[in-house]
Amino acid sequence: MRGVVGEFRLDGGQVAAGHGLGAVEGVGWRSPDGALAVRSWGVPLPGEGLGWLQDPAAGVLLVADAALYEAERLRRALGAPADEVRAPLALLLHAWHRWGEGLLDRLDGDFALLVCDWRRRQVFAAIDPIGMRSLFYRFDPARGIAFGTTPEAVAECCGLDTRIPERRLLEPLFGAEQLAHREPEIAGVERLPAAHVLTATPGQLQVRRWWRPGQRDPGLAADDLEGWTEGVRWHLDEAVRKRLADGVQAGVQFSGGLDSAVVLALAQRHAPGRLQAFSLVDHGQADCPETRAIAATLAFLDTPAQVIDLADPQASPAQARTVTAQLPRFIYGRNGFLPLFERQAAKAGVQVMMNGLDGDLLFFYEDLLERQVRAGRGEALRNARLQDALSVAPWMEAEVRRLRVSSRLPWWLRERIRDVRAHLEVAPRLRVACLNPQAIARLKLRARMRDYLASLRRPRPPASGLPTESFMGLITQEGTARFQQRMRHAGIEMRCPLLDRALIEFAAWLPLEFRLREGHLKWIMRRAVAPLLPAEVVWRGDKVHLGSHFDRLMLQSVLDGMVRSFQRGSGPAVALWVDRARFLRLARRWQDGYLDGVWQLRVLVLLEHWLQHNAHKVAWEH
């Protein structure tokens, strides 16, 4: 894993030679006055945009973690030397000198960048619109700012405890892992949010948002179906093309669903001969819809693939257990086949992994149904019935009927009802997590659950026809950051074509009726990509997830050990927190082959497995 960490003494003092930066092995640099120091670790790759570059004449240091797309276009706009297109850091420094903060409107890519002006005692930092790259910091008004690409590096630099507090460790058990994105688990370390900039001067820090989706209206008429279809197809193709233009060896995590199938199909067009698919299949399940869709797509595209077959797991579960035990955070291992795929991809020489994040929110965002009902669209109920008929787990008709009532209420009353429901939801969610009352009280988990539910409150939906901001939700940003950190641990870069800024800008303005039509979610996307994929894949509605089946295989031996430990009376590593009777009931469901037991216990069992190898990474409170 590679990264950068540094400190800037804005008070005019000097970074001590033996300070926390000395604990990070790697290459370092100090400004002439000693107020600024930076260090990188890991083995850099040729042309990589992760590192630092100083300009002594201007008194400026640029730190970046960036993948620049359309770098040649940026170079031409700058009039920079031709070789800078292969040197992202030099191109970024050139752009900063030319445009200052205005460079953000000209960058196309995934980036976290920070500029230190050691003569003016100023710091500027920015994160890309979706938070594909991360920047952590600690600001001390009396001293200055420490910064880095991982929270652990910043903590070490500042002499903080890098261990995970026990109470924060349990948040993923009740589905609140997104809190770790908003509030990093190491106290005193902050994350610069997606689409935000930071400016720091002696004694003063300001963080503000610099981008919102939907700033550029594409100017298409609401009834221009062909225009919207062509626009979606072009933007999808461009998003994939740009991410493969630098000639990387690429992989696609292909689940058999529409979103990853689209990425795979377009990637095969732009990178034939340097692309592999990575898929989870189950040939032991008669007529498994995912296996069928994966086979049809791979045959149609003639794409090489590495597959894990649930019917013939061989050593895969054992390998996955080993990989997940080595991850910095246990939650990175949820769906254990993904870290295994990334390890296999790294061994196969894959440099960049792509996936289908986050087509669901891009083309079917969370308040779509509410906006359709509020707009009085009569087809909402019909579409819901058709969609339920296509899907494995019907849900939409009931939701539309509920919205027909709730959407008529005043906004303040609807918010009050949501608050009451959230309050009533706290205790059941903690109980479902198998946590005992003693642990809940000791670690104040009810308060954390309330914090989490409050973080999910949405802004009032905009009027029909205006772009939504629901795409920028905490769940998407946290999930993206988790994927990126896990892939970085494997030495692979993640690129997400469906999180392309230009694509988001365009999709934000899509008319409501093109998002859900004829019972199909993401209807306009399906129509746009129909020529690229088999029809049974484009229009399928029987999506299922095989990850739980793999997790059952991967974690079965861990679960069995936990049960034996409870029966002996000693208890596993998680025993202090667990409702023993409930755990044993659900364990029996798991062992009897029922997936509901796996769904409810797998995060807890994954935590047990991780703690068996990483208990020293936790700051215990007992």
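Draft legend 1. Structural view of helix 23 (residues 580–591). Taking 1.5 Å of rise per residue, the 12 residues of helix 23 would be expected to cover 16 Å, and the 16 Å separating its terminal C-alpha atoms lies within 8% of that figure. The complete set of buried residues in helix 23 reads Arg582, Phe583, Leu584, Leu586, Ala587 and Trp590. In this fold, the buried residues of helix 23 make contact with helix 15 (411–432), helix 22 (547–568) and helix 24 (595–614). Looking one or two places after helix 23, you find Gly593, whose phi comes out positive at around 95°.

Draft legend 2. Geometry of the sheet that holds strand 15 (residues 275–281). Read from one edge to the other, the open sheet built from 5 strands follows the order 16-15-14-17-18, with strand pairing classed as parallel. With one partner strand each, in any of the chains shown, strand 16 (305–309) and strand 18 (493–495) form the two edges of the open sheet. In this sheet, adjacent strand axes meet at a mean angle of 25° when their direction is disregarded. With 5 bridges joining them, strand 15 and strand 16 adopt parallel strand pairing. Each residue of the ladder has a partner; that of Ser279, found in strand 16, is Val307.

Draft legend 3. Representation of helix 3 (residues 151–158) within the structure. Of all the residues in helix 3, the buried ones are Pro151, Ala153, Val154, Ala155 and Cys157. Where helix 3 is buried, its residues contact strand 1 (3–8), strand 3 (36–41), strand 8 (136–140) and strand 9 (144–148). Two residues or fewer after helix 3 comes Gly159, characterised by a positive phi angle close to 75°.

Draft legend 4. Geometry of the pattern of salt bridges. What the rule picks out here adds up to 51 salt bridges. Here Glu70 makes a salt bridge to Arg241, at a shortest N to O gap of 2.9 Å. One end of the pair, Glu70, is in the loop between strand 5 (60–68) and helix 1 (71–78); the other, Arg241, is in helix 6 (residues 225–244), with 171 residues separating them in the sequence. Here Glu70 falls in the partly exposed class, since its relative accessible area comes to 25%. We note a salt bridge from Arg163 to Asp161, for which the minimum N-O separation is 2.9 Å. Exposure remark for Asp161: the relative accessible area of 40% places this residue in the partly exposed category. Each member of the salt-bridge network shares a partner with another, and the members are Asp65, Arg133, Asp246, Arg488, Glu493 and Arg495.

Draft legend 5. Here's a closer look at the nonpolar core. Grouped together as the largest cluster of nonpolar side chains are 146 residues, with contacts concentrated most on Trp577, Phe583, Leu601 and Leu607. With 10 residues, helix 24 is the largest single contributor of residues to this core. If we skip the residues at most four places from it in the chain, Leu601 touches Cys434, Leu559, Phe583, Leu586, Ala587 and Trp590. Residues Ala35, Trp52, Leu114 and Leu135 belong to the second largest nonpolar core, which totals 26 residues.

Draft legend 6. Layout of the sheet that holds strand 12 (residues 196–201). Taking strand neighbours across the sheet as the criterion, the 6 strands line up as 4-5-6-7-12-13 in an open arrangement whose pairing is antiparallel. Only two strands of the sheet have a single partner each, and these edge strands are strand 4 (49–55) and strand 13 (204–209). Direction aside, neighbouring strands of the sheet carry axes that sit 10° apart on average. Sheet topology places strand 6 (residues 109–117) next to strand 7 (residues 122–127); 6 bridges connect them, and they run antiparallel. For Ala112, the partnering residue across the bridge sits in strand 7 and is Ile127.

Draft legend 7. Spatial organisation of the packing of helix 15 against helix 17 (residues 445–455). Between helix 15 and helix 17, the shortest axis-to-axis distance is 10 Å and the interhelical angle comes to 125°. Considering the angle they form, helix 15 stands oblique to helix 17. Pair helix 15 / helix 17 crosses with right-handed handedness. Contacts between helix 15 and helix 17 involve Ala422, Glu425, Val426, Arg429 and Leu430 from the first element and Leu445, Arg446, Met449, Arg450, Tyr452 and Leu453 from the second. Of the residues in the contact of helix 15 with helix 17, the class split is 7 nonpolar, no polar and 4 charged.

Draft legend 8. Quick peek at unusual backbone geometry. The amide bond that connects Leu357 to the next residue, Asp358, takes the cis arrangement and shows omega of -15°. At Lys444, a position not held by glycine, the phi torsion is positive, near 55°. Summarising the element assignment, Lys444 is placed in the loop between helix 16 (437–442) and helix 17. Of the residues examined, Lys444 reaches a relative accessible area of 51% and is grouped as exposed. Phi is positive for Lys522, close to 55°, though the residue is something other than glycine. Checked against the element boundaries, Lys522 lands in the loop between strand 20 (520–521) and helix 20 (523–529).

About the thresholds
Residues numbered from 1 in each chain as written. Predicted model: local features only at pLDDT ≥ 70, side-chain atom pairs only at ≥ 80, totals over all residues. Heavy atoms only, no water. Helix = DSSP H or I, 4+ residues; strand = E, 2+ residues; numbered from the N terminus. Expected span 1.5 Å × (residues − 1). Buried < 20%, exposed > 50% of the residue type's maximum accessible area, 1.4 Å probe, protein only. Contact = heavy atoms within 4.5 Å. Pairing = 2+ DSSP bridges. Axes fitted to C-alpha atoms, helices over the stretch in contact; angles between N-to-C directions. Salt bridge = Lys/Arg side-chain N within 4 Å of Asp/Glu carboxyl O. Core = buried A, V, L, I, M, F, W, Y, C linked by side-chain atoms within 4.5 Å. Parallel < 35°, antiparallel > 145°, perpendicular 65-115°, else oblique. Left-handed = near helix turned anticlockwise from the far one by under 90°. Nonpolar A, V, L, I, M, F, W, Y, C, P; charged D, E, K, R; others polar.

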